[in-house]
Amino acid sequence: MDQDGIDLHRISRQPYTDGTFNGVEFLPEDFGDAAHETTMRVNDKYSSFPPEEKGIHIINIRAIEDIGYVRTESTILNSFSQDPDANCKYGLYFRDGKRKVDYILVYHYKKSSFSRTLTRRIHLNDLAPRSIKQEQPLPGKGGQANMDESEPHMDYHEDDKRFRREEYESNLMQAGLELERDEDTKIHGLGFVKIHAPWNVLCREAEFMKLKMPTKKMYQIHQSHGLLKKINSVIQKITEPIQPKVAEPKHQTVKRLSYPFSREKQHLFDLSDRESFFDSKTRSTIVYEILKRTTCTKAKYSMGQGEGRKKEPILLNKRRKCDKYGITSLLANGVYSAAYPLHDGDYEDEHVEPNDRKLLCEEWASYGVFYKYQPIDLVRKYFGEKIGLYFAWLGVYTQMLIPASIVGIIVFLYGCATVDENIPSMEMCDQRNNITMCPLCDRTCNYWKLSSACATARASHLFDNPATVFFSVFMALWAATFMEHWKRKQMRLNYRWDLTGFEEEEDHPRAEYEAKVLEKSLRKEYRNKETEKEKLTWKDRFPAYLTNFVSIIFMIGLTFAIVFGVIIYRISTAAALAISSSPSGRSNIRVTVTATAVIINLVVIIILDELYGCIARWLTQIEVPKTDKSFEERLIFKAFLLKFVNAYTPIFYVAFFKGRFVGRPGQYVYIFHSFRMEECAPGGCLMELCIQLSIIMLGKQLIQNNLFEIGIPKMKKLIRYLKLKRRRPVDHEEYMKKKQRYEIDYNLEPFAGLTPEYMEMIIQFGFVTLFVASFPLAPLFALLNNIIEIRLDAKKFVTELRRPVAVRAKDIGIWYNILRAVGKLAVIINAFVISFTSDFIPRLVYLYMYSESGTMHGFVNHTLSYFNVSDFQEGTAPKEPMELGNQICRYKDYREPPWSENKYEIAKDFWAVLAARLAFVIVFQNLVMFMSDFVDWIIPDIPKDISQQIHKEKVLMVEVFMKEEQGKLHLLETWRDKDKRKGENCNSHSPRSSMSHRGSVSSCHSCHVDV
């Protein structure tokens, strides 16, 4: 034994008699006693090769050596060098510096004073779970006779967790994984189990999971010719400065043929470098699959001894649950506190060895490279296909916003250029018209001049002009083109990432689902009923469905109530400002009320967004979906529904309800018999809709999407730093010097899924498309936000989060259907916005039906009705009388004048405008839908060159197998000819030569086995 630890040499035992597992050797029976007599470190390293592969029939025994069952060294633990942490690259490898850490399990533990003295670092290569029991004697067991009886007994809940961990880890070893434990860390009370998947396990699981791996066969990728080739080369030269400096196969001319991995066909694959054949992302995915399906099947704690005699139902329940599922339940029950794969290394220090994480940080997760393309292939290589597809989709969406932003800017500039030529706004601003308008509220509001709304009318023209109709049609076609472009991009990525033909298999049941099923079966057992394979039916879920329905209706009603409360605020504030003594307050009533109300709406939306996200998750949990995929889809649907209603209800109110149910002077509509419904400005509600949309959209993006994502991680980092600073200086230096990779990653935030990231972008997509007729600059602000969002999300994934488990996926899932639904809804909403919210249709009706000069002169006067001030209801007339000699005020509506027989009744002009509006909605909606479907039909989902390459791969794969079969047949015929010739010579030879002949034949057969 040296200074750092002890050298334990395995005492050799006879291997299995069949010779199948030559490299497996066993510990002597008295090894546990010897271990107790020696003081060791807490780092307990143990690994094993499986004695048998459960459920696998191995046909070719000689192939075992090829797939990784090689003879191991007899020395189990050698003396460490002076810096063992450097030897294992600070946690990236096992202590031997050779085996890479593929996954980490973290658990909390409590140590008694005795266990602190018994610190060990042992590397066991045993097969039987009893070895672990001998290595770590359990409290209350016979193996603990040498423990001081005065030692305080540990909490049996902690014992139960430890027993489960031991059994689970022994089952992992039986599955072929190699484990190494480390409890001697700088994070007190935490233990880490490092997991390594050897070559044979990787091969086995890759075959089970049908992972497509590159073969030795390479083929030429179809290249464009002629003019198209020249255009592509020019584009490549132009875009070269904005390409990331990573080794990506962007413009490769050859590609390796991929085929699902098979241990029987290893000769097809390029196995020259086994270390890099399975990259870190694939290795962690394989280990996670094993972790999910490995179960602990026994109740390890003895209920008949010590404190275990307290037969608590909860503890029993947990034990009964444990026999059904693996790592998900163990994490849920607190047996393990975390499970995650490791990052590739550090990313900040200049002297750090080059790794993918550092490269991603420099070329992707940096604001200085905002103008560059994303290294999507490297993102996929490091984080997996699902996250790679999210960032690829976000990149395509951001690129498509560029033409939409350009057209939106042109439309806005057109409005700016033609504002001085707009006849309606010029008439409103003309002081000579001297039109007196009826008061906006009862008693406290006075009569006012139409010319005072000049600024609002001029500003409305910036967004309410003929170009906005064109822009609405353009954006509907843009949405359809974007969806088609993404489908084609997705197919290219599927081909490049070898996902063609990939079908998602049934996922493992969730821990909560299995617990519910177990609870149901236990109830049936209690009633003495026969229990078959149980599953949850709609009757079991009916209370949860009812709770979901009632809760969603209540929360939608809550959103409506809050919007209604803001309406009351607007009305009461407008009335209060009207009686204000400040002249500036009275003159800016509309601007003040609108701005403050929108800010209130924004704050409420942000708060309810967070609340609704938590409620949606809780509602999904009580439904108990069977699989993670089902859970995610249900959660997405609920969260999107609630957040959609929350974000767009105030905008829908301004667009379609404000000013529609006001009534008329002398017969206004009141809320609670006190508050009069608010009216739109003389220039229409479109300007107010633009203000509402812009403030909510920009506020959500700035506060929720950016400040929260930047500020919250920074705040958590600051809190961790302050906690660290409170330590003693010596402890602080030691803590910073010797921290392992898995300890650093444990302090990062756990990955919470892609749902929040997608949700931000889908809500933004709604702002860009649903009400784009009122705010042509929405695509521009979305583009600016997304340029920051991509780098912000990238920085979060690379530096702030634990590395997520790579998940294979061939599309973005339910989000594509939501995008299509929003795109279809956008056509309908924009049709109604143009028709009912803007003055586009009334202007057309006036121009072609009522204008005497064929121009827009007189349009403002045509939209204003007359009212005799003597017809005001008692107590509603303004305190200040009108000018002498004037008894008529005007209001915006189509009604009969007071001198008509049917005074104040709806005029026929109203019905003409309404008919035109409805006709426009029908024509616009059907025309744009038809054009969108035409775009969808004319653009193929799969690019022609990709379909050709996929077909070529199938043909080449068939050729490879045909050649292999022909080679086998030719070899078989050659052997038969040799056997026949040797058989003919056999009669003319002596018996001794016959024996020699049989030996040669047997050698020939051995050669056949080798081949």
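Residues numbered from 1 in each chain as written. Predicted model: local features only at pLDDT ≥ 70, side-chain atom pairs only at ≥ 80, totals over all residues. Heavy atoms only, no water.

### Examining the overall build of the protein chain
Okay, so step 1: In terms of helices and strands, the protein chain carries 34 helices and 18 strands.
Okay, so step 2: Here the protein chain holds 1011 residues, and the buried ones make up 49% of them.
Okay, so step 3: Within the protein chain, contacts between residues at least 6 apart in sequence are counted, and of these 80% link residues at least 24 apart.
Okay, so step 4: Here the protein chain displays about 50,800 Å² of accessible surface, and carbon together with sulfur accounts for 58% of that area. (Helix = DSSP H or I, 4+ residues; strand = E, 2+ residues; numbered from the N terminus. Buried < 20%, exposed > 50% of the residue type's maximum accessible area, 1.4 Å probe, protein only. Contact = heavy atoms within 4.5 Å. Areas by Shrake-Rupley, 256 points an atom, 1.4 Å probe, with all protein chains shown as cover.)

### Remarks on a nonpolar patch on the surface
Okay, so step 1: Residues W538, F542, Y545, L546, F549, V550 and I553 make up a contiguous nonpolar surface patch of about 760 Å² in total accessible area.
Okay, so step 2: Within the secondary structure, F542 is located in helix 20 (residues 538-578).
Okay, so step 3: A relative accessible area of 47% places F542 in the partly exposed class. (Patch = residues over 30% accessible without salt bridge, like charges linked within 9 Å, V, L, I, M, F, W, Y side chains within 5 Å. Salt bridge = Lys/Arg side-chain N within 4 Å of Asp/Glu carboxyl O.)

### Regarding the nonpolar core
Okay, so step 1: Ranked by size, the top nonpolar core spans 127 residues in total, and within it W393, Y397, W478 and F771 carry the most contacts.
Okay, so step 2: With sequence-adjacent residues up to four places away left out, W393 is seen in contact with F482, W486, Y758, M761, I762, I812 and L819. (Core = buried A, V, L, I, M, F, W, Y, C linked by side-chain atoms within 4.5 Å.)

### Overview of the pairing of strand 4 (residues 103-108)
Okay, so step 1: Taken across its six residues, strand 4 has five buried, putting it largely inside the fold.
Okay, so step 2: Strand direction decides the pairing type here: strand 4 and strand 7 (residues 190-196), joined by six bridges, are antiparallel. Across the sheet, Y103 pairs through a bridge with I195, a residue of strand 7.
Okay, so step 3: The sheet contact formed by strand 4 and strand 10 (residues 338-340) spans three bridges and is antiparallel. In the sheet register, L105 faces strand 10, and the bridge partner there is A339. (Pairing = 2+ DSSP bridges.)

### Examining the state of the cysteines
Okay, so step 1: For the structure on display, the rule yields two disulfides.
Okay, so step 2: Each disulfide pairs two cysteine sulfurs, and for C438 the partner residue is C889, the sulfurs being separated by 1.9 Å. Of note, the bridge from C438 to C889 carries an S-S torsion of about 85 degrees and is right-handed in sense. With C438 in the loop between strand 11 (436-437) and strand 12 (448-449) and C889 in strand 18 (residues 888-892), this residue pair connects regions lying 451 residues apart in the sequence. In terms of burial, C438 and C889 fall into one category: buried. (Disulfide = S-S within 2.5 Å.)

### Quick word on the packing of aromatic side chains
Okay, so step 1: Under the criterion given, the structure shown has 53 aromatic pairs.
Okay, so step 2: Between the aromatic rings of F482 and F765, the centroid separation amounts to 5.9 Å while the plane-to-plane angle is 40 degrees, which identifies the pairing as tilted. Here the residue F482 occupies a position in helix 18 (residues 466-496), and F765 occupies one in helix 27 (residues 755-769), the gap between them amounting to 283 residues. Residue F482 shares its accessibility class with F765, and that shared class is buried.
Okay, so step 3: Judged by centre distance (5.5 Å) and plane angle (25 degrees), the ring pair of F920 and F924 falls under stacked. On the criterion of helical spacing, the pair formed by F920 and F924 is a turn pair, its members being four residues apart in helix 32 (residues 908-938). Here F920 matches F924 in class, with each residue buried.
Okay, so step 4: The residue whose ring lies beneath K255 is Y495, and the NZ or CZ to ring-centre distance is 5.1 Å.
Okay, so step 5: Note that R803 overlies the ring of Y382, its terminal NZ or CZ placed 3.8 Å from the centroid. (Phe/Tyr/Trp six-rings, centres within 6.5 Å; stacked < 30°, edge-to-face > 60°. Lys NZ or Arg CZ within 6 Å of the ring centre and 35° of its normal.)

### As for helix 23 (residues 628-657)
Okay, so step 1: Given a rise of 1.5 Å per residue, 30 residues ought to cover 44 Å, and the 41 Å separating the end C-alpha atoms of helix 23 matches this to within 8%.
Okay, so step 2: Along helix 23, the sharpest kink reaches roughly 45 degrees, centred on Y648 and followed within four residues by the proline P650.
Okay, so step 3: In the stretch just after helix 23, G659 is the one whose phi turns positive, near 80 degrees. (Expected span 1.5 Å × (residues − 1). Bend = angle between axes of the 7 residues up to and from the residue.)

### Section: the pattern of salt bridges
Okay, so step 1: With the rule as written, the count across this model stands at 42 salt bridges.
Okay, so step 2: We note a salt bridge from K358 to E362, for which the minimum N-O separation is 3.3 Å. One end of the pair, K358, and the other, E362, are both in helix 13 (residues 356-363), four residues apart, so they sit about a helical turn from each other.
Okay, so step 3: The class of K358 is buried, set by a relative accessible area of 12%.
Okay, so step 4: A residue is classified by how much of its surface remains accessible, and E362, at 40% relative accessible area, is partly exposed.
Okay, so step 5: Connected through shared salt-bridge partners, E484, K487, R820, D936 and D941 make up one network.

### Considering helix 10 (residues 280-293)
Okay, so step 1: In a regular helix each residue adds 1.5 Å, so 14 residues correspond to 20 Å; helix 10 covers 20 Å between its end C-alpha atoms and thus fits that length.
Okay, so step 2: Counting buried residues in helix 10 gives eleven out of 14 residues, a clear majority hidden from the surface.

### Considering the packing of helix 7 (residues 199-208) against helix 10
Okay, so step 1: Orientation of helix 7 relative to helix 10, taken along the N-to-C sense of each, is 75 degrees, at an axis distance of 10 Å. Here helix 7 is positioned roughly perpendicular relative to helix 10, judged by the angle of their axes. Seen from helix 7, the contacting residues are V201, L202, R204, E205 and A206; seen from helix 10, they are R283, I286, I290 and R293.
Okay, so step 2: Residues of the contact of helix 7 with helix 10, tallied by class, amount to five nonpolar, no polar and four charged. (Axes fitted to C-alpha atoms, helices over the stretch in contact; angles between N-to-C directions. Parallel < 35°, antiparallel > 145°, perpendicular 65-115°, else oblique. Nonpolar A, V, L, I, M, F, W, Y, C, P; charged D, E, K, R; others polar.)

### Digging into the environment of G613
Okay, so step 1: Its place among the elements puts G613 in helix 22 (residues 589-623).
Okay, so step 2: Once the C-alpha coordinates of G613 and K643 are considered, the two residues, 30 residues apart in sequence, prove to be 8.0 Å apart.

### Overview of unusual backbone geometry
Okay, so step 1: Positive phi is not limited to glycine here, since K210 has a value of about 55 degrees.
Okay, so step 2: Looking at the secondary structure, you find K210 in the loop between helix 7 and strand 8 (212-220).
Okay, so step 3: Since its relative accessible area comes to 53%, K210 is described here as exposed.
Okay, so step 4: You will see that Y904, though not glycine, has its phi angle at about 65 degrees, which is positive.
Okay, so step 5: Relative to the helices and strands, Y904 resides in the loop between strand 18 and helix 32.

### A short note on the packing of helix 15 (residues 385-417) against helix 28 (residues 778-800)
Okay, so step 1: At a closest axis distance of 7 Å, the pairing of helix 15 and helix 28 adopts a crossing angle of 160 degrees. In this view, helix 15 runs roughly antiparallel relative to helix 28, as classed from their interaxial angle. Here the hand of the crossing between helix 15 and helix 28 comes out left-handed. Between helix 15 and helix 28, the contacting residues are I387, Y390, F391, L394, G395, Y397, T398, L401, I402, A404, S405 and I409 on the first element and P779, L780, A782, L783, N786, I787, I790, D793, A794 and F797 on the second. (Left-handed = near helix turned anticlockwise from the far one by under 90°.)

### Some details on the confidence of the model for the protein chain
Okay, so step 1: Residues of the protein chain with pLDDT of at least 70 account for 76%, and the chain-wide mean is 76.
Okay, so step 2: Across the protein chain, helix 15 holds the top mean pLDDT of 93, while strand 3 (residues 75-77) sits lowest at 33.
Okay, so step 3: With pLDDT under 50 throughout, residues 1-82 is counted as low confidence; its partners more than four residues away or in other chains account for 177 contacts.
Okay, so step 4: Across residues 299-323, where pLDDT falls below 50, the model places 46 contacts with residues more than four positions away in sequence or in other chains. (pLDDT = per-residue confidence, 0-100.)

### Some details on the environment of Y347
Okay, so step 1: Mapped onto the fold, Y347 is located in the loop between strand 10 and helix 13.
Okay, so step 2: For the pair Y347 and R357, spaced ten residues apart in the sequence, the C-alpha separation amounts to 6.3 Å.

### Some remarks on the side chain of S284
Okay, so step 1: Tracing the chain through its elements places S284 in helix 10.
Okay, so step 2: Within the structure, the side chain of S284 is placed 2.9 Å from the backbone oxygen of K281, a separation counted as a polar contact.
Okay, so step 3: When neighbours within four sequence positions are excluded, S284 is seen to be in contact with D102, Y103 and P341. (Polar contact = N/O pair within 3.5 Å; in protein donor to acceptor, adjacent residues only side chain to side chain.)

### A few points about the side chain of R802
Okay, so step 1: Here R802 lies in the loop between helix 28 and helix 29 (814-837).
Okay, so step 2: We note that R802 is buried and unpaired, the nearest opposite charge coming from E749 at a distance of 7.7 Å.
Okay, so step 3: Within the local environment of R802, its side chain forms a polar contact with the backbone oxygen of Y746, the two atoms lying 3.0 Å apart.
Okay, so step 4: Setting aside residues up to four positions removed in sequence, R802 forms contacts with A338, Y340, H343, D745, Y746, L748, E749, P750 and F751. (Lys, Arg positive; Asp, Glu negative; His and termini not counted.)

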